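Next come the chains, spelled out residue by residue.
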Amino acid sequence: MSAGKCVVCSQHAEQQCGGCKSVFYCGREHQKRHWSTHRPECRPVRVHDHPVLGRHLVATRDIKQGELIIRELPLVVGPKTVSTPICLGCCKPADLSAPCPGCAWPLCGLACSSSAAHQAECDLMQAKSYRAEITVDNKPLPDYAFITPLRALLLPPKKLKVFRTLQSHLEERKKTSLYQVLKFNVAGFLQNRLKMNLSDEEILEACAILDTNTFEMRSGRSRFRGLFPLVSMMAHNCVPNTRHTFDATNAILVYATEDIAKGKSITATYTQPFWSTSLRRSHLRTAKCFDCTCERCSDPEEKGIFVSAIRCDEDECEGFILSSSPLEDDASWQCNKCGTEAPAEQIALYSKFITEEIEAMDKRGPENLENFLEKYKDLLHETNGFVLQVKLALAQIYGSAAYNNCSLNELSEERINKKIDIVEELLQVLTVLEPGMSRSRAQLQIELQPTKVHQAKLEFEAKKLSKDSAKGILNEAIAELKSAEEILKTDQDLGGKAKKSLEQVLAMSKLLECA
């Protein structure tokens, strides 16, 4: 049995907090007395120092799949460096006809002029006779670049001290062209226009801490960022064991997507599951200033999914060309069957060509995406990242009323079958690359289950499917959509869509009962 000292009286104690397993009590009375103090800190994680990962979170007890691990309010919330006009009170889309009386920044309404989030900066701008001039709507503007760093620098002393303990990677970031711009646009503005007595180093460090640690947040069409000191210490892994979302108070909620054993790292991902290793590592190097060496990045086959694989073009060879050493950017690529080699530069150019082809593609319908898959079926692995991304786009177009002749009722039998096959394939890939109760899995189930139910309805009406078989498909769809709804219940973008899909399938189930 574990033992320690009671956190209240320092006497020998054997009773642990059941929630976090990190503090001891000599008895129930002292545990109850300490709860008001301990409650905000009671989480099943602790900060651990690692020579490679640095400070990161590990589980203090076994954590169950689907369990809420952390709920944390933001230390700072504000616009991204380049932002469409957003309300500086609540971060919803701004109304240019509702400027703040004090500083003229557009708000969503005058009520937000007294928002606590906006008060300190507004007072400063008024004191320095600065008034914003935002006249263009729905266009990304660099005018917002200084707002969130300013908010961080205006934090009360205790919170500012916490902010400055976070990693910045400032020295690496100083070498980038972005930070040369920020030195002029942000540091220069705060020093010269708002007369803040701060050095370039202090201001750029604030920018760097935000760039390293913030999470993207959403409110309607607005995109903004929030800083959560504890959650920012989660280690990155390209096969994560958590997902996160945000509630109405802007708190971040971190859930376990699979069981996490005591002592294991709590991990998040800052990339996309269908990106290749070179794309993921390049993104992380640029955005987060580190080189990922996780198990997936280290494996040329990417856990057997071959997201980076290109078909070998040697006669009668059925192999795939893969990086000989994925953690080295300039390592040669080699066929896993015949040994044919290709230089890294050639593979990079080929990938760049395909990326540009996809970006330039007209995606207002499925035809060009279908043609892409046909064109590259003998050139790329069937689960190559480019193929997966195009298949995901197709899955979202098939059955969508936003595209001509693509609503579920208008889809041909061939395209219904194609959508089901594509989504089931993507779900199989996710069981390896993003296992468990992930947001991506829930999103795909929203696409898959109504389509399967629609197909079952058509086949039942055509007397190709028995009532019992149709009911079996409906029951499976209801179960999967209930799971998706649970995963997405606090997701502002997809929560409503999951609920609507479930309601449609339940209504169809009632119709079947009457048939």
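In case you missed it, the structure is sitting above this.
For every chain, the first residue of the written sequence is number 1, and numbering continues from 1 along that sequence. Selection of residues for local features in this predicted model requires a pLDDT of at least 70, selection of side-chain atom pairs for listing and counting requires 80 or more, and totals for whole chains, interfaces and linings are taken over all residues. With hydrogens and water stripped out, all remaining heavy atoms of the structure feed into the side-chain values.

Asks: In this structure, what is going on with the packing of aromatic side chains? I would like to understand it.
Replies: Centre-to-centre distance and the angle between the planes together describe a pair of aromatic rings. Within 6.5 Å between ring centres, the rings of Phe, Tyr and Trp (the latter by its six-membered ring) count as paired, and their orientation is classed by plane angle as stacked under 30 degrees, edge-to-face over 60, tilted in between. All chains considered together, the criterion is met by 10 aromatic pairs. Residues F146 and F189 carry aromatic rings whose centres are separated by 4.4 Å and whose planes lie at 35 degrees to one another, so their mutual orientation is tilted. Taken as a pair, F146 in the loop between α2 (116-127) and α3 (147-153) and F189 in helix α6 (residues 177-193) lie far apart in primary sequence, 43 residues in all. Neither F146 nor F189 differs from the other in exposure class; each is buried. The rule for a charge over a ring is simple: NZ of Lys or CZ of Arg within 6 Å of the ring centre, and within 35 degrees of the ring normal. One Lys or Arg, K288, reaches over the ring of Y270 and ends 4.9 Å from the middle of that ring. Strands are runs of DSSP state E lasting at least 2 residues, helices are runs of H or I lasting at least 4, and numbering of each runs from the N terminus. Type-normalised accessible area, obtained with a 1.4 Å probe on protein chains alone, sets the label of each residue: buried when under 20%, exposed when over 50%, and partly exposed for intermediate values.

Asks: What should I look at first to understand helix α15 (residues 467-487) in this one?
Replies: Three or four residues apart is the spacing at which side chains of an α-helix point the same way, because the helix has 3.6 residues per turn. An expected span of 1.5 Å times one less than the residue number is assigned to each helix. Its 21 residues place the ends of α15 30 Å apart at the C-alpha level, agreeing with the 30 Å of an ideal helix rising 1.5 Å per residue. Among the residues of α15, A470, L474, A477, I478, L481, A484 and I487 are the ones counted as buried. Taken together, the buried residues of α15 touch β14 (242-246), α14 (439-461) and α16 (495-514). In what follows, residue pairs with any heavy atoms lying within 4.5 Å of each other are defined as contacts.

Asks: What exactly am I supposed to notice about the pattern of salt bridges here?
Replies: Think of it this way: side chains of opposite charge can pair up when their charged atoms draw near. When a carboxyl oxygen of Asp or Glu lies within 4 Å of a side-chain nitrogen of Lys or Arg, that pair is called a salt bridge. For the structure on display, the rule yields 31 salt bridges. R285 serves as the salt-bridge partner of D291, at 2.6 Å between the closest nitrogen and oxygen. Judged by relative accessible area, which is 32%, R285 ranks as partly exposed. With its nearest N and O atoms 2.7 Å apart, the salt bridge here joins E447 to K419. Within this pair, whereas E447 is found in helix α14, its partner K419 is found in helix α13 (residues 413-433), the two being separated by 28 residues in sequence. Residues E447 and K419 agree in their burial class; the two are buried.

Asks: Please clarify how the nonpolar core should be interpreted in this entry.
Replies: Counting 69 residues, the largest nonpolar core has W105, F146, F163, L190, L194 and I266 as the members making the most contacts within it. Broken down by element, this core gets its largest block of residues, 7 residues, from helix α7 (residues 200-213). Ignoring any residue separated from it by four or fewer positions in sequence, one finds L194 in contact with L124, M125, K128, Y130, F146, L150 and F189. By nonpolar core is meant a set of buried Ala, Val, Leu, Ile, Met, Phe, Trp, Tyr and Cys residues that side-chain atoms within 4.5 Å join together. Counting 41 residues, the second largest nonpolar core, distinct from the first, contains I321, I354, I420 and I422.

Asks: Honestly, a negative patch on the surface in this entry has me stumped. Any pointers?
Replies: Residues D313, E314, D315 and E316 make up a contiguous surface patch of negative charge. For D315, the location among the structural elements is in the loop between β17 (310-311) and β18 (320-323). A relative accessible area of 71% means that D315 is categorised as exposed. A patch is a set of surface residues, each over 30% in relative accessible area and not in a salt bridge, joined within 9 Å for like charges and within 5 Å for the nonpolar side chains Val, Leu, Ile, Met, Phe, Trp and Tyr. Per-residue accessibility takes into account occlusion by the displayed protein chains alone, with areas from the Shrake-Rupley method and a 1.4 Å probe. Charge assignment: positive for Lys and Arg, negative for Asp and Glu; neither His nor the chain ends contribute. Charge positions are represented by NZ for Lys, CZ for Arg, CG for Asp and CD for Glu.

Asks: Where do I start with the side chain of S219 in this structure?
Replies: Relative to the assigned elements, S219 resides in strand β11 (residues 215-219). Beyond its immediate stretch of four places on either side in the chain, S219 contacts C91, K92, P93, F224 and Q492.

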